[in-house]
Amino acid sequence: MLLEIVSITLVFAAIVVLAWPLGKYIAAVYAGERHWSDRVFGPLERLSFRLSGIDPSREMTWQEHLRTLLTINVVWFFWSMFVLMNQGWLPWNPDGNPSMTPDLAFNTTASFIVNCNLQHYSGESGLSYFSQIFAIMFFQFVSAGTGMAAGAVVFNAMRQRTAAQLGNFYDYFLKSCTRILLPVSFVATLVLIAEGTPMNLFEGKDTVTTLQGDTVQVSRGPAAAMIAIKQAGTNGGGYFGVNSAHPLENPTALTNAVENILILLIPIAFIFALGFYLKNRRLARVIFGAMTLGFLMILAVTIWSEFQGNPNLNRMGISQTEGSMEGKEVRLGAGFSALWAISTTATSNGSVNAMHDSFTPLGGAMQLLDMMINALYGGVGVGFLNFYIFIILSAFIGGLMVGRTPELLGKKVEAREMKIAMLVALLHPFLILVGTAIAAWLSASGNPMAANWLNNPGYHGFSEMLYEFTSASANNGSGFEGLADNNPFWNISTGIVLLLSRYLPIIGPVAIAGLMAAKKTIPESAGTLRSDSATFGILILTVIFILAALAFFPALALGPLAEHFSF
C-alpha cells in the first residue's frame, strides 16, 4: 500500500513537471509567436489552408467562431453516420464486423464527435479498421482540437483590453491538432508499440494458445495510434472491449503510467498555458491550486475506500490485504486503479483500467462526484471553459460580498453574463437528474422496454442509471457496465444528452468571453477582489462544491451512499 501511494505521488509529480513546459509551448502556439514548430508544421498547415481556400489571418468575432465550430461539426456528424452504418461493406474489415444499427450509429457518432467516447458496443468486435481510423480516430483528433480551439478563443478574449475580433478559429483548430495533439500522441504511440501494443492495418484476428493450453482469437489492428490519441486528447473509449484493462491496450506498468500521465497532461498544461498567454502566472497557479485541491480530496477518499475493501468480505474471513480487487487487474493493483478512475472522471476521458461498476460504493460515489463537478481539470480546452463558468459565478458572488460591482480582470460582470453562466451551470444537473428520473421510472414501473436493463437491483441499479447519464452529460464516456445500454432508449437518450451537454457549455463561455472582451477596462482599486489571489481560489472551490452538493446530494444519497451505509 505504501509503495503504491509513493508511486502514485511520483506519477502525479511527473504530470505537473511535464505540464509546465508544455503549457508554455501551447501559449506560444496560440499567441502566434515564432517557434521551432513553424518549421516542422508550418508547411503542412499552409498547404491545408491553400487547398481549402481558408484565410487563417482573418480575424473572427465570437459569433463567427461559434458558427464555424458548429458548421464543421455538423458535416463531421453525417460523415460518421455514413461510415458506421455501412462499415460492413466498406474496406479494411478483415474480421467481417457488421454495420451498426441507426440508433447505435447515432449514439456512437454523438459520443465521439463531442469528445466523450461513450461506447455502447465492444471495441474490437463493433468496428472495422476503416471505422476505427476514419471515424473514431479522426474524431479523437478533431473533437479534441475543437475544444482546444474554443479554449484558445476564451484565452484571447481574456487578454484583450477592448476588442471584438478574437483570432481565427481554423487557425486555432489546426494548430491544436498538428502542433499539440499530433506530437504528443506520436511519442506515446512509439512507447506503446515498444511495449507490445498492436499496430497494423491489414491483419485480422490471430490465433493464440494460452499458458493453460486454450486457443483464443485475439484482435489486432491500428490499436497503438488510437490508444495514444484517445488518452492525449482526453477522448477515452477503447480499441478493445475492456479498454485499458486489456493486456494489449495497456500491457505493462510503464504503459499504465504513460497512459495515466497522458490523461491529465494537456488539461493541466492548458491551465499553465493560460498563465503564460495572459502573462499572469499567479492566476494560473490559483486555478491549478483550486482544481488540484479538489482533485486530491476526491482521490484520497477513493484510494482509502478501495484499500479498505468490502466489509462484507472481511466478515466472511476473506483476506483483502491488497484492497478491493474485484473488477481490477492484479498486475495494476487497487491504488493505481483508483488513480486512473479519478483521473479519467476528472477529465472527459472515460477510459478505464478497472471496472468502475465493481468499485466500492464510496469509490463509485467519488467518480460520480468528479463528473458532476465537471470542472476539475476537465477535457482538453473545454475543461477550462467549464471552470470559466465557475470563475464568472465566483466573481459575481465575491463582488456582492465586498459591496461593489462584480468584475473579472478589469471587466464588469453584469446581468447578461450571469444569465448565460447560470443557464450553463444549471444545464448539467438538469440533463443528469431528468434523464435518471425517466430511466428510474421506466425501470420501477415494469415497463417492457426496461425489462433487461439492470443486472443489479436496488441502490446499485439506481447508481448504474445515474452514472450513465452523468457520464454522458460530463462528456466522459466511462460506465457502470452492469447496465445493458445497447438499446434504443439508452442510445437515443444519452445521444441527445451528449450533444446538448457539449455544445451549449461551449457556446456559453465563448459568448461570455466575447461580451467581456468588448467592454472597457476598469482600473483596480482597494475594493477589487483580485482573481489571482488565494482567497479567490478558495471562493471558486467553495462555490463548486456548494453547487454540486445542492444539485446532486439527493441523487447520490439514493444510490452509492445508501449502498455504502447498507454495508
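S.K.: How do you make sense of the overall build of the protein when you look at a structure like this?
M.R.: The number of helices and strands found in the protein is 19 helices and four strands. Taken over C-alpha atoms, the radius of gyration comes to 23 Å for the protein, in line with the 24 Å a tight globule of 567 residues would show. The principal-axis extents of the C-alpha atoms in the protein amount to approximately 75 × 55 × 50 Å. Looking at the protein residue by residue over its 567 residues, the buried ones come to 61%. Within the protein, contacts between residues at least 6 apart in sequence are counted, and of these 77% link residues at least 24 apart. Total accessible area on the protein is roughly 21,900 Å²; 67% of this is exposed by carbon and sulfur atoms. Each charge sign in the protein was given a centre, from 30 positive and 33 negative side chains, and these centres are 17 Å apart.

S.K.: Is there a simple way to think about the pairing of strand β1 (residues 206-209) in this case?
M.R.: Along any regular strand the residues' side chains alternate between the sheet's two faces. Here β1 runs beside strand β2 (residues 215-218); their pairing, made up of four bridges, is antiparallel. Within β2, the position partnered with Asp206 by the bridge is Val218. Counted along the chain from β1 to the antiparallel partner β2, the turn is five residues long, and its residue Gly213 has a positive phi close to 95°.

S.K.: Would you mind showing me how to read a positive patch on the surface here?
M.R.: Judged by side-chain charge, Lys24, Arg281, Arg282 and Arg285 come together as a positively charged surface patch. Tallying contributions element by element places helix α10 (residues 281-308) first for the positive patch, with three residues. Checked against the element boundaries, Arg281 lands in helix α10. Taking relative accessible area as the criterion, Arg281 reaches 44% and is therefore assigned partly exposed.

S.K.: For this particular structure, what's the right way to read the packing of helix α2 (residues 36-52) against helix α7 (residues 169-194)?
M.R.: When two helices pack together, their arrangement is given by the angle between the helix axes and by the axis-to-axis distance. The N-to-C vectors of α2 and α7 enclose an angle of 135°; their axes lie 11 Å apart at closest approach. One way to sum up the angle between α2 and α7 is to call them oblique. At the point where α2 passes α7, the crossing takes the right-handed sense. Residues Ser37, Asp38, Phe41, Gly42, Leu44, Glu45, Ser48 and Phe49 of α2 form the contact with α7, whose own contacting residues are Tyr170, Asp171, Leu174, Lys175, Thr178, Arg179, Leu182 and Pro183.

S.K.: Please explain helix α6 (residues 129-159) as it appears in this structure.
M.R.: Taking 1.5 Å of rise per residue, the 31 residues of α6 would be expected to cover 45 Å, and the 43 Å separating its terminal C-alpha atoms lies within 8% of that figure. Along α6, the sharpest change in direction is near 35° and occurs at Phe139. Burial runs high along α6: 28 of the 31 residues are buried.

S.K.: I keep staring at the nonpolar core and nothing clicks. Help me out?
M.R.: In globular proteins that are soluble, nonpolar side chains generally tend to be buried together. Among the nonpolar cores identified, the biggest contains 176 residues, and Tyr30, Phe384 and Tyr388 are the most heavily contacted of them. Element by element, the count of residues in this core is highest for α6, at 19 residues.

S.K.: Would you mind going over the packing of helix α3 (residues 62-86) against α7 with me for this structure?
M.R.: Across the interface, α3 lies against α7 with an axial gap of 9 Å and an inter-helix angle of 55°. Relative to α7, the element α3 lies oblique. In this structure, α3 uses His65, Thr68, Leu69, Ile72 and Trp76 to contact α7, whose residues at the interface are Phe169, Tyr170, Tyr172 and Phe173. Classifying every residue of the contact of α3 with α7 by side-chain character gives seven nonpolar, two polar and no charged.

S.K.: Whenever I open this one, the pattern of salt bridges confuses me. Can you help?
M.R.: Close approach of charged atoms lets side chains of opposite charge pair. What the rule picks out here adds up to 10 salt bridges. Taking the shortest distance from any N to any O, the salt bridge between Arg179 and Glu45 comes out at 2.7 Å. Within this pair, whereas Arg179 is found in helix α7, its partner Glu45 is found in helix α2, the two being separated by 134 residues in sequence. The buried category is assigned to Arg179, whose relative accessible area is 5%. The buried category is assigned to Glu45, whose relative accessible area is 5%. A salt bridge links Lys519 to Glu414, with the nearest nitrogen and oxygen atoms 2.9 Å apart.

S.K.: Would you explain a nonpolar patch on the surface in this entry?
M.R.: Together, Trp79, Phe82, Trp89, Phe134 and Phe138 make up an exposed nonpolar region whose accessible area comes to about 510 Å². Of all the secondary structure elements, the ones that give two or more residues to the nonpolar patch are α3 and α6. Topologically, Trp79 is positioned in helix α3.

S.K.: Just checking my understanding: could you explain the packing of aromatic side chains for this structure?
M.R.: How two aromatic rings sit relative to each other is given by the distance of their centres and the angle of their planes. Following the criterion strictly, the structure yields 28 aromatic pairs and no others. One aromatic cluster in this structure is built from Tyr30, Phe155, Tyr172, Phe270, Tyr277, Phe384 and Tyr388. In this arrangement the basic side chain of Arg159 is found over the ring face of Tyr277, its NZ or CZ atom lying 4.1 Å from the centre. The side chain of Lys328 reaches across the aromatic face of Phe359, ending 4.2 Å from its centre.

S.K.: Is there a simple way to think about the side chain of Ser37 in this case?
M.R.: The topology assignment puts Ser37 in helix α2. A polar contact is formed between the side chain of Ser37 and the side chain of Arg179, at a distance of 3.0 Å. When residues no more than four places from it in sequence are discounted, the contact partners of Ser37 are Tyr25, Val29, Gly42 and Arg179.

S.K.: Help me out: how do you make sense of unusual backbone geometry in this one?
M.R.: Backbone geometry follows two general trends: most residues other than glycine have a negative phi, and most peptide bonds adopt the trans configuration. One non-glycine residue, Asn117, adopts positive backbone phi at about 65°. Take Asn117: it is sitting in the loop between α4 (102-113) and α5 (123-126). In this structure, Tyr377 takes a positive phi of about 75° despite not being glycine. Tracing the sequence through the fold places Tyr377 in the loop between α13 (361-373) and α14 (382-401). Assessed through its relative accessible area of 1%, Tyr377 is described here as buried.

S.K.: In this structure, what is going on with the environment of Ile271? I would like to understand it.
M.R.: By the secondary structure assignment, Ile271 is in helix α9 (residues 253-278). Ile271 sits 10 residues away from Arg281 along the chain, and the two C-alpha atoms are 9.6 Å apart. With sequence-adjacent residues up to four places away left out, Ile271 is seen in contact with Ala284, Ile287, Phe288, Met291 and Tyr377.

S.K.: Mind showing me how you'd approach helix α12 (residues 333-346) here?
M.R.: Because each turn of an α-helix spans 3.6 residues, side chains separated by three or four positions end up pointing in the same direction. End to end, α12 covers 20 Å across 14 residues, agreeing with the expected 20 Å (1.5 Å per residue, within 8%). Of all 14 residues that make up α12, 14 are buried, and the element is covered over most of its length.

S.K.: Hey, could you run me through the environment of Ser473 in this one?
M.R.: Here Ser473 is to be found in helix α16 (residues 458-473). Given the relative accessible area of 2%, Ser473 is considered buried. When sequence neighbours within four positions are dropped, the list of residues in contact with Ser473 reads Asn374, His428, Leu431, Ile432, Val497 and Ser501.

Rules used in this analysis
- Position numbers for residues start from 1 in each chain and track the written sequence from start to end.
- Note on the predicted model: pLDDT of at least 70 is required for a residue's local features to be given, and 80 or more for side-chain atom pairs to be given and counted; whole-chain, interface and lining totals, by contrast, use all residues.
- Computation of side-chain values covers all heavy atoms of the structure but excludes hydrogens and water.
- Secondary structure counts use DSSP, requiring at least four H or I residues in a row for a helix and at least two E residues in a row for a strand, with both numbered from the N terminus.
- We compute the radius of gyration from the C-alpha atoms alone; for a globule the expected value is 2.2 Å times N to the 0.38, where N is the number of residues.
- Exposure classes here rest on a 1.4 Å probe applied to the protein chains alone. A residue is buried below 20% of its type maximum, exposed above 50%, and partly exposed in between.
- Only heavy atoms matter for contacts: two residues are in contact if any of them lie within 4.5 Å across the pair.
- Accessible areas in this description were obtained via Shrake-Rupley with a 1.4 Å probe; residue shielding takes into account the shown protein chains only.
- We count Lys and Arg on the positive side and Asp and Glu on the negative side, and we leave His and both chain ends out.
- Throughout, a charge is located at the NZ atom of Lys, the CZ atom of Arg, the CG atom of Asp or the CD atom of Glu.
- The rule for pairing is simple: two strands pair if DSSP sees at least two bridges between them.
- Patch membership requires more than 30% relative accessible area and the absence of a salt bridge. Residues of like charge join within 9 Å; the nonpolar side chains Val, Leu, Ile, Met, Phe, Trp and Tyr join within 5 Å.
- The rule for a salt bridge is simple: a side-chain nitrogen of Lys or Arg has to be within 4 Å of a carboxyl oxygen of Asp or Glu.
- Think of each axis as a best-fit line through the C-alpha atoms, taken over the contacting stretch in the case of a helix, with angles from 0 to 180 degrees between the N-to-C directions.
- Any angle from 65 to 115 degrees is called roughly perpendicular, while one under 35 is roughly parallel, one over 145 is roughly antiparallel, and all others are oblique.
- Should the near helix be turned anticlockwise from the far one by less than a right angle, the crossing is left-handed, and should it be turned clockwise, the crossing is right-handed.
- The length a helix should cover is 1.5 Å for every residue beyond the first.
- One axis is fitted to the seven residues ending at the residue and one to the seven starting there. The bend at that residue is the angle between these axes.
- Think of a nonpolar core as a cluster: buried Ala, Val, Leu, Ile, Met, Phe, Trp, Tyr and Cys residues, connected wherever their side-chain atoms sit within 4.5 Å.
- Only Asp, Glu, Lys and Arg are considered charged, only Ala, Val, Leu, Ile, Met, Phe, Trp, Tyr, Cys and Pro nonpolar, and every remaining residue, Gly among them, polar.
- The pairing test for Phe, Tyr and Trp rings, Trp by its six-membered ring, is centres within 6.5 Å, and the orientation test on the planes gives stacked under 30 degrees, edge-to-face over 60, and tilted for anything in between.
- Distance and angle both matter: a charge sits over a ring if NZ of Lys or CZ of Arg is within 6 Å of the ring centre and within 35 degrees of the ring normal.
- Two N or O atoms form a polar contact when they lie within 3.5 Å of each other; inside protein one atom must be a possible hydrogen donor and the other a possible acceptor, and for residues adjacent in sequence the pair counts only when both atoms belong to side chains.

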